[in-house]
Amino acid sequence: MVYLFHFELPVEEATWTSLATAYWPYLKSLTVSEVDACAVSVMHLSRAYDALGPWLEPSGGGDEGGGAGSETVYNGTDDGHSEISFLTFYYVNTKKADIAMPSGKRDQPSVEDNHDGTVSLKYDPKEEGLHELFVKYNGENVQGSPFKFHVDSITSGHITAYGPGLMHGVSGEPSDFTIYTKGAGAGGLSLAVEGPSKADISCHDNKDGTVSVTYLPTAPGEYRISVKFEDKHIKGSPYNTKVTGEGRKRNQISVGSCSEVSLPGKVLDKDFRLLNASIQAPSGLEEPCFLKRLVNGNLGISFTPREIGQHVVSVKRMGQHIVNSPFKITVGEREVGDAKKVKVTGNGLKEGKTHVENLFTVDTRSAGYGGLSLSIEGPSKAEIQCKDNEDGTLTISYRPTEPGYYIVNLKFADHHVDGSPFTVKVTGEGSNCQREKIERRREAVPLTEVGSNCKLTFKMPGVLPYDLSSTVTSPCGITEDAEINEIEDGLYAVHFVPKELGVHTVSVRYKEVHIPGSPFQFTVGPMSDGGAHRVHAGGSGLERGEQGQPCEFNVWTREAGPGSLAISVEGPSKAEIDFKDRKDGSCYVSYVVGEPGEYRIGIKFNDQHIPDSPYKLFMSPAMGDAHKLEVAQFPTSGVQADYPAQFMVRKNGAVGQLDAKVVSPSGAEDDCFIQSIDQDMYSVRFMPRDNGVHNIHVKFNGVHIPGSPYRLKVGKGDADPAAVHATGSGLGDVKTGHKTDFIVDTCNAGAGTLAVTIDGPSKVSMDCTEVEEGYKVRYTPLVPGEYYISLKYNGYHIVGSPFKVTCTGEDLAERGPQETSSVVVETVHKVSKAHKGGAGVVLPHFKSNATLVTSKGMGLKKAYVGKQNLFSISASDAGNNILFVGIYGPKGPCEEIFIKHMKQNNYQVSYIVRERGEYILLVKWGDDHIPGSPFKIDT
């Protein structure tokens, strides 16, 4: 059998000079060495510049080969030949294709120029089994490479399978393969496709001993295809298939339906916020449940019944049961939610149209109590509306903007209803969205060590250096100022020298407000974990922009390790994206769009969205007269909640409409009151309602004026996310069905808004209650897998967020797409227990060993009256702590002690005594005496 790999190419030949000239304005990322340029023997140039796809360059050595393309077609032929066609727009040949055989040996196919704009790679297999075809560009595998194919002998009498769908596919497009069953005899054939998304499978018997199989993957990633005959895998099964393409866009809503039970006894309002409750089912499954004040004034709980029988409800205050707790309640059969009894009707689950409302109805009247969750994923993020008909039914509508296949997941009480997930084909006109994407390889940065010079860089154009400040907090809790300097115009670097290993917190503030991305995690020594959840991005280009002007933002990948960073811009016009790698674990991205409107910025690391991606923003029209406006008397400090504040706006002759609004830390919006002072001057007045950082949006003719939105800190003690920490077993490895928790320590972080979000393969029952050191979050996962816990304080991720949690155990609910559970709490100012009676100052948690402190000098043995007596202390190997020195003599403490820090925990101590006699010298490193202390000193 000969395998034919067919590369279809444009037919117009181009010189190397015309290649470079034509290429530059369109892709701007090709780099070919001079050696490769000289070796080029065949080049074809397409006029269809907008359609230029990725480049493919075969590896190995030889005369001809290559290709590029975004679609692959695989056809089986009657003569036993198989053909793979790469629909390609550009071709450069520098090397030969390379095939890895099952034995591990390497082989090369023959390459033929068809002289019609195509190149064919023919290969005669020498071994049976799984082969890999490597196709590379600039030494790196292109998307989908290596392509896998299985070789078997058709005359063997065994069932075989072949086709592109067993090697690769494209998200949202059908993938095909063929099963050859001739001569295999009677038996049952079974198929299964497992992967990141549900894949609908259809089969067609060709009546010639073959079966055509088509499946539809809706998300990129690796899929596992099992083909069995008589319950046994056929040769080569299971097949691992790579599906590429952009991930599906997803929207979701949840509608609660819970049982409410009254508990005996009265609870005072002042104690209510200190209570938490959990309910244990007969099977032992324990979940948090919500406490509420019922109409009759009694204490009640709200929960989703999962089992029939007697349940135990525990209500605790600060870890102790309240009176009569635990309580016992009985759940009947009619109260338990049953997804099979949910009725779903409507044409919206069969077919749909773009830009219109597609309707269906959900009837839960006979299904008991349970939460209803709906998610829709497909080529566009469909807007979902839910109307409660107040008769036990819901009318749900969704409005997609792009045609294609959509997956509708509908769950009740954490189980799919009958027929879910539904596959809906949506037809109609698209929104003509343009999408531009770049992808860059990120290498691991060298490890930093104690005592080395550490640097964190960020670009922030248009700010003054003296408005920036930075601090670094070590793992043991010591906070020190860090140096900031301007490397070049708008590019700044934070410099510090760490004194211990572990995760440091780097805070960067502009006018006392954290910049986007701050506080940063900076690990000294070995990295603990990497991945997309450790990548962060920030900058004005992720919040707002203007047509025709560069929109800029930073991406920090240092903590994520090596991987592939992909950035996409999608909207009404195509974006020009510029990328600059700073080679220190950070990079700078700038993009320009030609049309105003709504855009989505996607940032992925190793094919996974980073936290908060994709970003949604509105691109304003060209500024026009808005650039003429100036703001004066803007308040920079002293603004208090519930007190009016104002500033002035000068129009400088611009003609148009001025409007303004204020956005609070919780996201609530309020209009500002605008009053004309004279023909050219306006007063803008607003009333902040919360403490924290507010954003003041000022627009002229619908366009932001220069500097808008303005950030304003309200209140004296605004919340500091850098001072918030999270610990507990709930941030480690957990098990399904087991209630777990973690503590969010907000001591001395100020009052603010704590937002907790848990993303994972199932929804979780979750609550958040106040404890002495902050807030306890409890949750119960129901499905094994990876969960990501995001903790934000006043809109900023705390250090370590999002936390990656691995859950093991059995499935206690049906697995579906990514589910989100969240809770938001308005916190109060807290002080640690050890300092409640003091001024609110909290000592860091030091890690030190006083036995490693050394001391030397005459002043440790003998003192001279009226003269400086000296000795030195070295604690450079003893960790971090506070040095205490005290001297007591015949008539009390000595007159003078002077301690000078000589850097790196080395100290010089001098003292003067005025009386003769015996003195006692005490030297402590923290709470512990150093070796030899207390010292006896003679005069």
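Since the structure is predicted, the reported quantities are computational estimates derived from the model, not experimental observations.

What counts, and at which threshold
- Residues numbered from 1 in each chain as written.
- Predicted model: local features only at pLDDT ≥ 70, side-chain atom pairs only at ≥ 80, totals over all residues.
- Heavy atoms only, no water.
- Helix = DSSP H or I, 4+ residues; strand = E, 2+ residues; numbered from the N terminus.
- Contact = heavy atoms within 4.5 Å.
- Areas by Shrake-Rupley, 256 points an atom, 1.4 Å probe, with all protein chains shown as cover.
- Salt bridge = Lys/Arg side-chain N within 4 Å of Asp/Glu carboxyl O.
- Pairing = 2+ DSSP bridges.
- Axes fitted to C-alpha atoms, helices over the stretch in contact; angles between N-to-C directions.
- pLDDT = per-residue confidence, 0-100.
- Buried < 20%, exposed > 50% of the residue type's maximum accessible area, 1.4 Å probe, protein only.
- Polar contact = N/O pair within 3.5 Å; in protein donor to acceptor, adjacent residues only side chain to side chain.
- Phe/Tyr/Trp six-rings, centres within 6.5 Å; stacked < 30°, edge-to-face > 60°.
- Lys NZ or Arg CZ within 6 Å of the ring centre and 35° of its normal.
- Patch = residues over 30% accessible without salt bridge, like charges linked within 9 Å, V, L, I, M, F, W, Y side chains within 5 Å.
- Core = buried A, V, L, I, M, F, W, Y, C linked by side-chain atoms within 4.5 Å.

### Quick notes on the overall build of the chain
Within the chain, the secondary structure is distributed over three helices and 85 strands. Sequence-distant contacts, at least 24 apart, represent 68% of the contacts inside the chain between residues at least 6 apart. Of the roughly 44,500 Å² of accessible surface on the chain, a fraction of 49% belongs to carbon and sulfur atoms.

### Things to note about the pattern of salt bridges
All told, the structure shown has 27 salt bridges when counted by the stated rule. With its nearest N and O atoms 3.3 Å apart, the salt bridge here joins Lys499 to Glu480. Residue Lys499 is located in the loop between β45 (491-496) and β46 (502-510), and its partner Glu480 is located in strand β43 (residues 479-481); the two are separated by 19 residues in the primary sequence. When the shortest N-O distance is used, the salt bridge between Lys583 and Asp581 registers 3.7 Å. Via salt bridges that share partners, Arg442, Asp581 and Lys583 belong to a single interconnected network.

### Considering the sheet that holds strand β36 (residues 393-399)
Taken together, the four strands give an open sheet; going across it, the order is β31-β33-β36-β35, and neighbouring strands pair in antiparallel fashion. Of all strands in the sheet, those with a lone pairing partner are β31 (343-345) and β35 (383-388), marking the two edges. Taken over all neighbouring pairs, the strand axes of this sheet differ in orientation by 20° on average, direction set aside. Bridging between β35 and β36 involves six bridges; their strand directions are antiparallel. Within β36, the residue paired with Asp388 across the bridge is Leu394.

### With respect to the confidence of the model for the chain
Per-residue confidence for the chain gives a mean pLDDT of 79; residues scoring 70 or more make up 81%. In the model, residues 6-95 has pLDDT below 50 throughout and makes 199 contacts with residues more than four positions away in sequence or in other chains. Contacts for the low-pLDDT stretch residues 835-840, under 50 throughout, to residues beyond four places or in other chains number eight contacts.

### A closer look at the sheet that holds strand β77 (residues 854-856)
With respect to topology, four strands assemble into an open sheet ordered β77-β78-β82-β81, the strand pairing being antiparallel. The open sheet has two free edges, formed respectively by β77 and β81 (896-901), since each of these has just one partner strand. The average undirected angle you get between the axes of adjacent strands in this sheet is 20°.

### Brief notes about the environment of Ser420
With respect to the element layout, Ser420 can be found in the loop between β38 (415-416) and β39 (422-427). On the basis of relative accessible area, Ser420 is assigned to the buried category, the value being 14%. For the pair Ser420 and Asn409, spaced 11 residues apart in sequence, the C-alpha to C-alpha distance is 5.6 Å. Of note is the side chain of Ser420, whose polar atom sits 2.9 Å from the backbone nitrogen of Leu410. At 2.8 Å, the side chain of Ser420 forms a polar contact with the side chain of His416.

### Here we look at the environment of Lys861
Here Lys861 shows up in the loop between β77 and β78 (869-874). You can call Lys861 exposed: its relative accessible area is 61%. As a C-alpha pair, Lys861 and Tyr919 span 58 residues in sequence and 9.8 Å in three-dimensional space. In this structure Lys861 touches Lys936, Ile937 and Asp938, once residues within four positions along its chain are discounted.

### Some words on the packing of aromatic side chains
Tallied over the entire structure, the rule returns 12 aromatic pairs. Where Phe360 meets Tyr398, the ring centres are 6.5 Å apart and the plane angle is 55°; that geometry is what we call tilted. Of this pair, Phe360 sits in strand β33 (residues 358-363) while Tyr398 sits in strand β36, placing them 38 residues apart in sequence. Of the two residues, Phe360 and Tyr398, neither departs from the other in class, the shared state being buried. Here the aromatic cluster, defined as three or more aromatic residues joined through ring pairs, consists of Phe634, Phe647, Phe686 and Tyr710. The cationic tip of Arg558 hangs over the ring face of Phe522; the distance from NZ or CZ to the ring centre is 3.8 Å. Against the face of Tyr864 rests Lys862, its NZ or CZ located 5.7 Å from the ring centre.

### Some details on the side chain of Thr178
Among the secondary structure elements, Thr178 is positioned in strand β16 (residues 175-180). Given the relative accessible area of 18%, Thr178 is considered buried.

### Regarding a nonpolar patch on the surface
The grouping of Tyr888, Ile920 and Leu922 at the surface amounts to a nonpolar patch, some 280 Å² of accessible area in total. Inspection of the secondary structure assignment puts Tyr888 in strand β79 (residues 883-889).

### Points about the environment of Phe522
Mapped onto the elements, Phe522 comes out in strand β48 (residues 520-524). The spatial distance from the C-alpha of Phe522 to the C-alpha of Arg558 is 8.2 Å, given a sequence separation of 36 residues. What Phe522 contacts, discounting residues up to four positions off in sequence, is Thr448, Cys454, Lys455, Leu456, Phe496, Gly502, Val503, His504, Val506, Arg558 and Glu559.

### Topic: the nonpolar core
Among the nonpolar cores identified, the biggest contains 32 residues, and Phe742, Val756, Met766, Tyr779, Ile789 and Leu791 are the most heavily contacted of them. When residues of this core are traced back to their parent elements, those giving at least two are β69 (740-745), β70 (753-760), β71 (765-771), β72 (774-780), β73 (785-793), β75 (803-808) and β76 (819-826). Sort the elements by how many residues they give to this core and β73 lands first, with four residues. Counting 27 residues, the second-largest nonpolar core is a separate cluster that includes Leu565, Ile567, Val593 and Ile601.

### Some points on the pairing of β48
Across the five residues that make up β48, a large majority, five, are buried. Burial along β48 is two-sided: Phe520, Phe522 and Val524 and Gln521 and Thr523, pointing in opposite directions, are all buried. Sheet topology places β46 next to β48; five bridges connect them, and they run antiparallel. Within β48, the residue paired with Thr505 across the bridge is Gln521.

### Things to note about the pairing of β79
Two faces, one strand: in a regular strand the side chains alternate between the faces of the sheet. Residues of β79 alternate between two faces, with Leu883, Val885, Ile887 and Gly889 buried on one and Phe884, Gly886 and Tyr888 left unburied on the opposite face. With two bridges connecting them, β79 and strand β80 (residues 892-893) associate as antiparallel partners. Its bridge partner lying in β80, Gly889 is registered against Gly892.

### Notes on the side chain of Ser226
You can see Ser226 is positioned in strand β20 (residues 221-229). Judged by its relative accessible area of 9%, Ser226 falls in the buried class. Setting aside anything within four residues of it in sequence, one finds Ser226 in contact with Ser190, Leu191, Ala192, Glu194, His233, Ser237 and Pro238.

### Some details on unusual backbone geometry
For the bond running from Ser613 to Pro614, omega is 0°, close enough to zero to count as cis. Note that Pro614 resides in the loop between β56 (608-609) and β57 (615-620). The peptide bond linking Ser708 to Pro709 adopts the cis configuration, its omega dihedral lying at 0°. Assignment of secondary structure puts Pro709 in the loop between β65 (703-704) and β66 (710-714). Non-glycine residue Asn606 carries a positive phi angle of around 55°. Within the secondary structure, Asn606 is located in the loop between β55 (597-605) and β56.

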